[in-house]
Number of protein chains: 2
Amino acid sequence: MTTADVKAFVFDVFGTLVDWRGGVAREAAVFLQRHGRSGQEADAFADAWRARYQPAMQRVRSGERPFTKLDILHRENLEAVLHEFGIEAKQIPAAELDEFNLAWHRLDPWPDTVEGLARLKSQYIIAPLSNGNVRLMIDMAKHGGLPWDAILGAEVAQAYKPSPEAYLRTAGILALAPGEVCMVAAHNSDLAAAQKCGFRTAFIPRPHEHGASQTTNLKPEHNWDWVATDLVDLAKQLGV
Amino acid sequence: MTTADVKAFVFDVFGTLVDWRGGVAREAAVFLQRHGRSGQEADAFADAWRARYQPAMQRVRSGERPFTKLDILHRENLEAVLHEFGIEAKQIPAAELDEFNLAWHRLDPWPDTVEGLARLKSQYIIAPLSNGNVRLMIDMAKHGGLPWDAILGAEVAQAYKPSPEAYLRTAGILALAPGEVCMVAAHNSDLAAAQKCGFRTAFIPRPHEHGASQTTNLKPEHNWDWVATDLVDLAKQLGV
């Protein structure tokens, strides 16, 4: 199979295309200061909020609860994180928490993201294959100028990555064989799950996703189809 | 409720945004001539193919068959129409019929469509709420330059218009109340179904959708929220 067989590139989003930690910490700093806390805790707050991401989705993947979109999981997790930080969610107006929860809709793209996507879009179908829900992805795209052809991912597939259904149903909606779709991610585990489903794979490192002292996903851990320094480099390797 | 409450405009596509009859007839003429027939039959062929559209979806709406995407219904209907025109589908390579079936993916937008959508996109979420499936809508958008924020509609909602689920699930995916979504269509029946679900409504006439002698949907038949001459006029009325 060659590059010519690939018809669509689908993307992990949180970490791969946008800086979730910086974006959430920026809004957390304002929130914490408004509630008499130090903005210094903002990075830790973002990390704590994100730490509840996989366990919340695992309850859906395991069948313990029906598919529930990420905005709702984020909102539930926010109350738990506030408690962890000694802030009682019940003391805060629900509308303020709802608004803070939308921090995930306002994450900034990495510097190469928009140019890389635009170049890939000139020759391929491009869509997110994110665990973020459709409205979250729409708002983020309008905020950061991400030029998607369509919004796909967990909500449309009704399954969270790395469940095989998330990948296979996305290929089905695109009316493509798995081998005609390439998953792009900064996370080796996402690519491993996609590859098991027959997808092509492309790795780009995001060594500061978790801050300066990141130790994971610094390099490709398997024999991925493409390894690029960033999205623009991936586009160049593909000749677009 | 005022304009300020509307957050998203969703669109009927076949007829409202693109010229399905002209596009299908253009490809039908080539197909018919290749098979020893007159290109003069092309408009009638397009009409006959389209005539099988509602009955095919009705079998899904009634529960007689599970949700089946439009590409498959179009492909089934193509074989029936060929038979109606005295051409035996079995005599033609499946790949050629598959390719002809994609005529629906290559329909041209009306002259005002792209500018109108781009203007509306500057202030609102815009997405198709079409009975066309996701891949069909992606290909059409890439062909005609339709600048969607997301691809929604029957396949994502798993329900065909005018079933209420098609509208209500779309609003749910957008995380909007029905009254925050405006349906735009050239068909009064589509708007009536959307309005029953609580949507706002906008009518634009497409008096040549069915050719020069069209008799239906020449004007608004109810008290829609907006009536415009075309999409650019609608954008102007909305001040965008």
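Everything below is about the structure shown above.
Before going into details, it helps to say that this report is about the structure given with it. Here the structure is a predicted model, which is why all the values come from computation and not from measurement.

Thoughts on the interface of chain B and chain A
Step number 1: Contacts between the two partners involve 21 residues from chain B, matched on the other side by 21 residues from chain A.
Step number 2: Each partner contributes to the roughly 1,600 Å² buried at the junction of chain B and chain A, and carbon and sulfur atoms together form 59% of this total.
Step number 3: Here chain B is connected to chain A by 2 salt bridges.
Step number 4: Between A:Lys142 and B:Asp149 there is a salt bridge whose closest N-O contact spans 2.5 Å.
Step number 5: Taken together, the links from chain B to chain A amount to 10 residue pairs in polar contact (both at pLDDT 80 or more).
Step number 6: Put simply, the parts of the chain that give the side of chain B that touches chain A at least two residues each are helix 7 (134–144), helix 8 (154–157) and helix 9 (164–173) of chain B.
Step number 7: Residue contributions to the side of chain B that touches chain A peak at 5 residues, all from helix 7 of chain B.

Observations regarding unusual backbone geometry
All names here are of chain A.
Step number 1: Geometrically, the link from Lys 161 to Pro 162 is a cis peptide bond, its omega value of 5 degrees lying close to zero.
Step number 2: Tracing the backbone shows Pro 162 in the loop between helix 8 (154–157) and helix 9 (164–173).
Step number 3: Here the phi dihedral of Gln 158 falls at roughly 55 degrees; this positive angle occurs in a residue that is not glycine.
Step number 4: Mapped onto the elements of the fold, Gln 158 is located in the loop between helix 8 and helix 9.

Quick word on the packing of helix 3 (residues 53–61) of chain B against helix 4 (residues 70–84) of chain B
All names here are of chain B.
Step number 1: For the pair helix 3 and helix 4, the least separation of the axes is 10 Å and the interaxial angle reads 125 degrees. Between helix 3 and helix 4, the angle is such that the two are oblique. Judged by the twist between their axes, the crossing of helix 3 over helix 4 is right-handed. Note on element contacts: helix 4 touches helix 3 through Leu 70, Leu 73, His 74 and Asn 77, opposite Tyr 53, Ala 56 and Met 57.
Step number 2: Taken together, the residues that form the contact of helix 3 with helix 4 break down as 5 nonpolar, 2 polar and no charged.

A word on the sheet that holds strand 6 (residues 226–227) of chain A
Think of a sheet as strands paired side by side through backbone hydrogen bonds, with each pair either parallel or antiparallel.
All names here are of chain A.
Step number 1: Judged by pairing direction, the sheet is parallel, and its 6 strands sit side by side in the order 3-2-1-4-5-6 without closing on themselves. Each edge of the open sheet is held by one strand with a lone partner, namely strand 3 (152–153) and strand 6.
Step number 2: Here strand 4 (residues 181–185) runs beside strand 5 (residues 200–203); their pairing, made up of 4 bridges, is parallel. Bridged to Cys 182 within strand 5 is Arg 200.

Each value, and the rule that gives it
Residues numbered from 1 in each chain as written. Chains lettered and ligands numbered in written order. Predicted model: local features only at pLDDT ≥ 70, side-chain atom pairs only at ≥ 80, totals over all residues. Heavy atoms only, no water. Contact = heavy atoms within 4.5 Å. Buried area = accessible area lost by both parts, 1.4 Å probe. Salt bridge = Lys/Arg side-chain N within 4 Å of Asp/Glu carboxyl O. Polar contact = N/O pair within 3.5 Å; in protein donor to acceptor, adjacent residues only side chain to side chain. Helix = DSSP H or I, 4+ residues; strand = E, 2+ residues; numbered from the N terminus. Axes fitted to C-alpha atoms, helices over the stretch in contact; angles between N-to-C directions. Parallel < 35°, antiparallel > 145°, perpendicular 65-115°, else oblique. Left-handed = near helix turned anticlockwise from the far one by under 90°. Nonpolar A, V, L, I, M, F, W, Y, C, P; charged D, E, K, R; others polar. Pairing = 2+ DSSP bridges.

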